[in-house]
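Take a look at the letters that make up each chain.
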Amino acid sequence: MSRHLSPLLLGLVCFCSALLVTLRFSFVTDISDFIPAGEDRERARLSKAIVSSELSRTLIVAIEAPDTDAAVVASRAFESELANDEALSGQLAFVQGGPPEQIDRALWELYEPRRFAFVEPSIDLARQRVSDAGLEATVADLQARLASPLSTLVSRVAPSDPFLAVPRLLERLGESNPTLAVRDGRFISGERTAIVLLGSEASAFDADAQRIVLAGVKRAFEAVSAEHAKLILRTSGLAKFSVAAEESIKADIQRISTLSIVAMLVLCIALFRSLRLVVLAFVPISCGMLFGTAATLLVFGSIHGLTLAVGASLIGVCLDYVLHFYMHHLVAPCEEGPHRTLRTIWPGLRLGAATTVVGFAALGGSSFPGLRQIAVFASVGIVGALWSTCVLPYLVLARATPRPVLIRLSQRLAVSFASLARRPRIGSALAVASAVAALAGSLTVRWEDDMTQMTSFDPAMHAEDVEVRSKVAQFEQSRFIVALGDDEQSALEVNDRVSQLLPLAQQAGDLDGWQGLGPLLPSASEQNAIFDVLVNAELPKRLGALLEAKGFNRESFEPFFAALAASRPTPLDFEALLDSQAAPLVRSFRVHLDDRVAFVTYLRGVNDVEALQRRVEAVPGALLIDQVGLMRAANESYRTRVVELLWVGLALVFGLLFGRYRDLRMALAAFAPALLASGLTVCALAVLQIPLNLLGLAALLMVLSIGVDYGVFLAETELGDLRVEGADDGRALSATLTALVVAWASTVFGFGVLALSQHPAMRIIGVVAGVGVSACLLLAPVALALAKRFAPAKGRRA
């Protein structure tokens, strides 16, 4: 009765876990989970918000035509085609081929009543403007403009605004993007390239949605080019790379997965003449994934993508449990049947799982939320996978006859091991050489914390992206300044100080330029302060006298002096801009966070990052975000902490092994193969000049788990725990060695073939897995052979 209780209980827990996962599954990819608490974590949240903002969802379409007129016509026709495409319904948030209609009027209506608050972008400049020298310059500028072709407009504005605050504001706005001009209401770059901006509703990383948008762009251009000859289409945006990356990775995975599946099927048929092993392997891996996911959701409320990827690879180690059982069932079966065989090898399976759980449970002490997730996922998943092996005896034949090829393989492995045991010098030489290579590798391997190096893009696509982007704006794609506050006004006050320091940074050569919200919208306190500067400057007396001295009729400027004495208008706020035709000009500057408000300033030509960083750090609430540097620092911190905790975990694993065997010799025999194999893998990466990164480190964790399992299974065999009725020690050892070989082959076919990938991210996982498990397979028997050779006369446990 008790034999059947465990599978029933397992089924109940599986049902409850599946129900929990179905009802509460939440998948996140927030990199801040892998950054410790503090300012860097805040930077990561901001970086993620900006990456998810409208700016990242914008696709820049450049249509090159024979001349400016043709470009204008093509731009209008292209926008019309997009509007009439039903397939794009609900896909596009906006299509902008030119400034919004009546934008000048909208800006005038917003700023003219508040013109005194926008005489200059800052209080200091406003004070300079109303100084004696500033007023002299103002009147001189007014005279020059009245003598220019724009004198008609100036003569209408000057009586109420001799500072020409609104016209000068519009001029500064136009100068902020010198690469883009407006011709007949359309954006034109150069002389003959029309620019159309498309904003998608979906994230730029939603490849399915972006594929629809890109297809719509292609259809619209084909329709326009059929009517207008000699047009060239170029595009720029994250959407292109998102779709291209997904298609390339899918094709790569499909090719490699096909090879892996075919290889596994051939292995199963050649050794077992059935696909039963495939069914057996599905049980612990699926249960482990299910239990790990359910536990993570229960503890953390969501599961990170990196947790799922790393945890899945760790749980994949549990395939060895299936192979260990199945090989013993075939090669060294117990007369009482498969249930007895499982009970016989259970101490080895249990110890192998315990060492893996103890090793990765150490990650739970990290300050990184993501590492704690991996610890919970892997630990619970491995325990669940081990528990699920209780159903394996129900899925195999009570009496199974191994194929001759399997018998021959097990016999040859036993002979090879016996030969190795008789030649300790060979084993000693291999162990010493491995230790030397591991030490050399650890000292020479290069770490790569820049994960952008793990991506590969078509050079032609990248060149086109750079070319198109340069026609619109030459701002840096990974660096920006963020002004952060608890509410809109506090964030704007921080942004005021940022806007004031950037001209000084530009004069010092720290950067070439910037574009931010500051000139368009100072904070309410800044607007009021600038207004006060004008009110308190005695302008009716001082400016009036100066105007008369320069030949102007003072009475013509009475509307200006009267407005100064009138009641103060309400300061302009961000919502007023959003509700106007000016919304497209300002939307991308505000970033939505859960609990705070942030305004972004985009930078051009950062020449001295450290100097600019020092300036920004002097402003409380301002942050210089360097996305590449942030990710590099995050990965470096993550990698460093993982390595530290890994050593702690290894110490705990060794302590567990020593507690089990009470014999330093056997504890080292079980433990050393994993350590040396990992070192050899690192050495191989150094020789191949492949840098070790976050993904490689995750694969190395898998290698360590496999190495300890291999060592434990052989150590348990040596100790006599696998002696069963009808199966002598030789057959038990043959079964274990055969299980290790088949486990090695399955890991190489499952993970090692990733080394054939065209993508660096998958390639390094394949190289680490392939080299690592091969080293484990070689070193585990060597360690046991040396342990047997140098055992004391009565060293074997009864």
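This one's a predicted model, so the numbers in the text were calculated from it and none came from an experiment. (Residues numbered from 1 in each chain as written. Predicted model: local features only at pLDDT ≥ 70, side-chain atom pairs only at ≥ 80, totals over all residues. Heavy atoms only, no water.)

Some points on the overall build of the protein
Piece 1. Per the secondary structure count, the protein includes 30 helices and 13 strands.
Piece 2. Here the protein, with 798 residues, has 53% of them falling under the buried criterion.
Piece 3. In the protein, once contacts between residues fewer than 6 apart in sequence are set aside, the share between residues at least 24 apart is 83%.
Piece 4. Summed over all atoms, the accessible surface of the protein reaches about 34,900 Å², with 59% contributed by carbon and sulfur. (Helix = DSSP H or I, 4+ residues; strand = E, 2+ residues; numbered from the N terminus. Buried < 20%, exposed > 50% of the residue type's maximum accessible area, 1.4 Å probe, protein only. Contact = heavy atoms within 4.5 Å. Areas by Shrake-Rupley, 256 points an atom, 1.4 Å probe, with all protein chains shown as cover.)

Quick look at the state of the cysteines
Chemically, a disulfide is nothing more than a covalent bond linking the sulfur atoms of two cysteines.
Piece 1. Throughout the structure, instances matching the rule amount to zero disulfides.
Piece 2. In this structure C14 is not part of a disulfide, and its nearest cysteine sulfur, from C287, lies 3.8 Å away.
Piece 3. Judged by its relative accessible area of 17%, C14 falls in the buried class.
Piece 4. Its relative accessible area of 9% is what places C287 among the buried residues. (Disulfide = S-S within 2.5 Å.)

Some remarks on the nonpolar core
Piece 1. Formed by 95 residues in total, the largest nonpolar core has its most connected members in F272, Y321, M327, L657, Y661 and V712.
Piece 2. Residue contacts for V712: discarding those within four places in its chain leaves G348, L351, G352, L657, Y661 and A670.
Piece 3. Ranked by size, the runner-up nonpolar core spans 42 residues in total, among them I60, A62, A473 and F599. (Core = buried A, V, L, I, M, F, W, Y, C linked by side-chain atoms within 4.5 Å.)

Considering the environment of D67
Piece 1. For D67, the location among the structural elements is in the loop between β2 (58-64) and α3 (68-83).
Piece 2. A relative accessible area of 38% places D67 in the partly exposed class.
Piece 3. Spatially, the C-alpha atom of D67 lies 9.9 Å from that of A194, the residues being 127 residues apart in sequence.
Piece 4. At 2.7 Å, the side chain of D67 forms a polar contact with the backbone nitrogen of A70. (Polar contact = N/O pair within 3.5 Å; in protein donor to acceptor, adjacent residues only side chain to side chain.)

Some points on the environment of C776
Piece 1. With respect to the helices and strands, the residue C776 is situated in helix α30 (residues 760-789).
Piece 2. Overall, C776 belongs to the buried group, its relative accessible area being 0%.
Piece 3. Those residues in contact with C776, other than ones at most four positions away along the chain, are A677, V703, G707, Y710 and P781.

Details of the packing of helix α6 (residues 132-146) against helix α21 (residues 539-549)
Piece 1. Where α6 contacts α21, the two axes come as close as 10 Å, and the packing angle between them is 50°. Considering their axes alone, α6 and α21 lie oblique with respect to each other. Two packed elements cross with a definite hand, and for α6 against α21 that hand is right-handed. For the pair formed by α6 and α21, the contact residues are D132, L135, E136, V139 and L142 on the first element and L539, R542, L543, L546 and L547 on the second.
Piece 2. Residues of the contact of α6 with α21, tallied by class, amount to seven nonpolar, no polar and three charged. (Axes fitted to C-alpha atoms, helices over the stretch in contact; angles between N-to-C directions. Parallel < 35°, antiparallel > 145°, perpendicular 65-115°, else oblique. Left-handed = near helix turned anticlockwise from the far one by under 90°. Nonpolar A, V, L, I, M, F, W, Y, C, P; charged D, E, K, R; others polar.)

As for α3
Piece 1. In this model α3 runs 23 Å from its N-terminal to its C-terminal C-alpha over 16 residues, within 8% of the 22 Å that 1.5 Å per residue would give.
Piece 2. Inspection of α3 places T68, A71, V72, A74, S75, F78 and L82 among the buried residues, and these make up the whole buried set. Within α3, the buried residues cover an arc of 165° as seen down the axis, which keeps them to one side. Opposite the packed face of α3, turned more than 90 degrees from it, sit the exposed residues D69 and A83.
Piece 3. Tucked inside the fold, the buried residues of α3 contact β2, β3 (92-96), β4 (181-183), β5 (186-189), β6 (193-200) and α9 (207-227).
Piece 4. Between the side-chain oxygen of the N-cap and the backbone nitrogen of D69 there are 3.2 Å, and the N-cap of α3 in question is D67. (Expected span 1.5 Å × (residues − 1). Arc of directions from axis to C-beta.)

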